[in-house]
Structures are given as C-alpha cells and as structure tokens.
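Chain and residue survey
What follows is each chain in one-letter form.
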Amino acid sequence: MRLEHDGTTPERIGFLLVPGFSMMAFFAAVEPLRIANRVADRALYAWCLISTDGQPVSASNGMTLMVDHAMDEVASLPCLAVCSGFSPEAQLSRPLIRWLHRLDRGGCVLGGLDTGGFLLAAAGLLEGARVTLHWESLPAFRERFPTIATSDELFELGPRRFSCAGGAAAMDMALAAIGHRHGSALAVAVSEQLIHDRIRSRGDQQRMSLARRLGTHKRRLIEAVALMERHLEEPLSLAEIARRSGVSPRQLQRLFEQELNSSPRHWYLMLRLTRARQLLEDTQLDILSVGLACGFASSSSFSRAFRAQFGVSPRRVRLASPN
C-alpha cells in the first residue's frame, strides 16, 4: 500500500497469490479499496491478481481464484502485495526471486500480507525494513531472519515496504493507507460501510489481552504467565517466576491449579513445546536448534518431552512439513 501517489490516475496495486494464501487477509485488503472507489464515486484504486504461472490459485480454505496475469507478463508495478499463508517459503523459486528483484529495481513498493514477509525476506528484500506478521508466525520469522527488524504491531506502512499481521489487520492497514492518501473522512466512511466500528491503529494489539485469553483477572497469575511467554528460550525457574510475580512458590502453584487447572511447570512446558512445534512446521531450523530455541539443553531431552506431549517425534513433524 503506497503512502504517496499523485492522485491523477487510479493507484495500481498487484496482489501476488501464492498457493495456500490467506483468503481472509486478501479480501480484507481488497474490499476497502473497492468501497473507497464507490464512496468517492471515482476510481481511486485499481488492482490485478497475479500468480507465478497465470493459473488459478487455491487459498488455504480450499477456494480457488482466477488471476489476471502470470508474473512474467507484469514488467512493472507501482505496488505489489505478496499474499501467502502456511509454509510460504515452500513456494519460493528462482524465477519468483528474480521477478521480485526486477520490480524492486523499478521502484515498486513491496509488501506482505500475513506470512508474505517470509517470501520477501527469503528473497533478500527486507533488509533495513521493519516488518510484522501474524503473531503465530513471528517467532519462526525471528529465528529464520534474526537480522531483520520485526514488530508485533497490526501493520507497518513504510515508503518502500509494508506488512500486516493478516486477517482483519489487512483491513486496518488498507483503511490507514486510504486515510493517509484521501483523508480520514473517506477512511471512516469506508469503515462504516464495512461495519467496522473502529479503525485500529498500527499499535493496537494483535492478540486478546492475556487476561481475556486466560479467562482470569488475577494479576499475579497474569504476570507469571507473561513472564513465561517472554522467557521461552532461556526459561526462568519457577521460584524466580514466583518472586517476580510477588507470590510464594506455593501460592503460584495454587493460582495455576485454581484458575488454569494446571501446574505452573506443565503450563510452562506446554508453552515451550507449542512454540517448538510452530518452529518445526514453519522454519527449516534443525531439530537441535529448535530445541535450544525453546529452552531444552539437548535434542534428546527435547524429543522425549515433545513425544510425551504430542505422541509424535519432532522428526516426524518436520518430515510432514512442506518447508
């Protein structure tokens, strides 16, 4: 989504649809543009759909969309949004990388919806940029591309790069771009047409508050879980978590049992193993690196805990992953 445009002609945006792309994120980005044209009673935006080979593309929900062009038919674009979903890097190819670089050299503003940032980063096109992705994909992205600045914002809109967390965040990004280009009144009118009662800023949280996710307002418990979530690679001792949360280890145990029907130890382990499974499915990190990134001292201890929890080995999960 470009922040600058002369306004004399419709702003052209290409959407590269990658197999398995997020239909929700794609529609959430396109529909505000369509409605902006209708409310303004003129063509402010125009868009085209692109696939690598010009063939229809199936989304992650199984629905298939026709496209307007194969990528080789598109020599230049002012703006391109890469739309992907699960296992985005499995779709990366040398022709796609060359095409993205050619667009970039021509001044195209490049961005990603949902996990589209993985493809742009793997193509070497996000150095120096700040990128956000869906909260579930951010840990894998940070492990895979540690030199690229990331955020957990809803969206990022820069002069040459943009990104969003996917889902409804694509709508908020599109509304922000419309507001920047054509004024807040139009953005509000489009938002109302979408029955979107509040245009969220980029700094709004991607996830529900921890209190809502846990279903409790016990402050000490919320602080303890937040500490666990922030320290997955180098786990804190339960005594240290209790100390920082302002309770005794026995009180911490009682809070978890009463409010979450779990022990602190098991809850912490589940957080680490869930993160490990995400990394196995979304990255090409070797199993030892995944275990270390989730606080396990060795691949054997990691594999034992993983198998005990999920009934399958980390290697089996890795082999089943398209990455």
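It should be noted that the structure appears before, not after, this text.
Here's a quick rundown of the structure. Everything numeric here is computed off the predicted structure, so don't read it as measured data.

**Examining the overall build of the protein**
- When helices and strands are counted, the protein shows 14 helices and 11 strands.
- At 22 Å, the protein has a C-alpha radius of gyration in line with the 20 Å of a compact globule built from 323 residues.
- On the principal axes, the C-alpha backbone points of the protein span a range of 65 × 45 × 35 Å.
- Considering only residue pairs separated by 6 or more positions, the protein has 64% of its internal contacts joining residues 24 or more positions apart.
- Of the roughly 15,400 Å² of accessible surface on the protein, 50% is carried by carbon and sulfur atoms.

**Focus on the side chain of Asp104**
- Examined against the element boundaries, Asp104 turns out to sit in helix H2 (residues 94-105).
- Separated by 2.9 Å, the side chains of Asp104 and Arg161 make a polar contact.
- In contact with Asp104, not counting residues within four places along its chain, are Leu110, Leu125, Arg160 and Arg161.

**With respect to the packing of helix H8 (residues 219-230) against helix H9 (residues 238-245)**
- Closest axis-to-axis distance for the H8/H9 pair is 9 Å, and the angle between their directions is 135°. Considered as vectors, H8 and H9 are oriented oblique to each other. Handedness of the H8/H9 crossing: right-handed. In contact with Arg220, Glu223, Ala224, Leu227 and Met228 of H8, H9 contributes Leu238, Ile241, Arg244 and Ser245.
- Looking at the contact of H8 with H9 residue by residue, the class counts come to five nonpolar, one polar and three charged.

**Overview of the packing of aromatic side chains**
- According to the stated counting rule, one finds 10 aromatic pairs in the structure shown.
- Seen in terms of ring centroids, Phe141 and Phe145 are 5.0 Å apart; in terms of plane orientation they differ by 50°. Their pairing is tilted.
- In textbook terms, an aromatic cluster arises when at least three aromatic residues are bridged by ring pairs, as seen for Phe15, Phe21, Phe26 and Phe27.
- Here the basic side chain of Arg272 rests over the ring of Phe296, its NZ or CZ set 4.3 Å away from the ring centre.
- Just above the ring of Phe310 sits the side chain of Arg277; from NZ or CZ to the centre is 4.9 Å.

**Things to note about the layout of surface pockets**
- Here the second largest pocket is characterised by a volume of approximately 460 Å³.
- Those elements giving two or more residues to the lining of the second largest pocket turn out to be helix H11 (264-282) and helix H14 (314-320).
- When residues of the lining of the second largest pocket are assigned to their parent elements, the largest contribution, three residues, is made by H11.
- Of the residues belonging to the lining of the second largest pocket, the class tally is 11 nonpolar, 12 polar and five charged.

**Thoughts on the packing of helix H1 (residues 23-40) against helix H6 (residues 184-193)**
- Interaxial distance between H1 and H6 falls to 9 Å at its minimum, and their mutual angle equals 115°. As the angle between them shows, H1 and H6 are arranged roughly perpendicular. With respect to the hand of their crossing, H1 and H6 are arranged in right-handed fashion. Contact with H1, carried on its side by Pro32, Ile35, Ala36, Arg38, Val39 and Ala40, involves Leu186, Ala189, Val190 and Gln193 of H6 and no other residues of that element.
- Residue composition of the contact of H1 with H6, grouped by class: eight nonpolar, one polar and one charged.

**A closer look at H1**
- Taking 1.5 Å as the rise per residue, H1 with 18 residues should run 26 Å; its terminal C-alpha atoms sit 26 Å apart, in good agreement.
- Where H1 is concerned, the buried positions are Met23, Ala25, Phe26, Ala28, Ala29, Val30, Pro32, Leu33, Ile35, Ala36 and Asn37.
- Taken from the residues just after H1, Asp41 is the one with a positive phi, measuring 60°.

The rules behind these values
- Residues numbered from 1 in each chain as written.
- Predicted model: local features only at pLDDT ≥ 70, side-chain atom pairs only at ≥ 80, totals over all residues.
- Heavy atoms only, no water.
- Helix = DSSP H or I, 4+ residues; strand = E, 2+ residues; numbered from the N terminus.
- Rg over C-alpha atoms; globule rule 2.2 N^0.38 Å.
- Contact = heavy atoms within 4.5 Å.
- Areas by Shrake-Rupley, 256 points an atom, 1.4 Å probe, with all protein chains shown as cover.
- Polar contact = N/O pair within 3.5 Å; in protein donor to acceptor, adjacent residues only side chain to side chain.
- Axes fitted to C-alpha atoms, helices over the stretch in contact; angles between N-to-C directions.
- Parallel < 35°, antiparallel > 145°, perpendicular 65-115°, else oblique.
- Left-handed = near helix turned anticlockwise from the far one by under 90°.
- Nonpolar A, V, L, I, M, F, W, Y, C, P; charged D, E, K, R; others polar.
- Phe/Tyr/Trp six-rings, centres within 6.5 Å; stacked < 30°, edge-to-face > 60°.
- Lys NZ or Arg CZ within 6 Å of the ring centre and 35° of its normal.
- 1 Å grid on protein atoms, 1.4 Å probe; cavity = no way out; pocket = protein on both sides within 12 Å on 5 of 7 lines; lining within 4 Å.
- Points joined across faces, edges and corners; volume = space filled by probe spheres on them.
- Expected span 1.5 Å × (residues − 1).
- Buried < 20%, exposed > 50% of the residue type's maximum accessible area, 1.4 Å probe, protein only.

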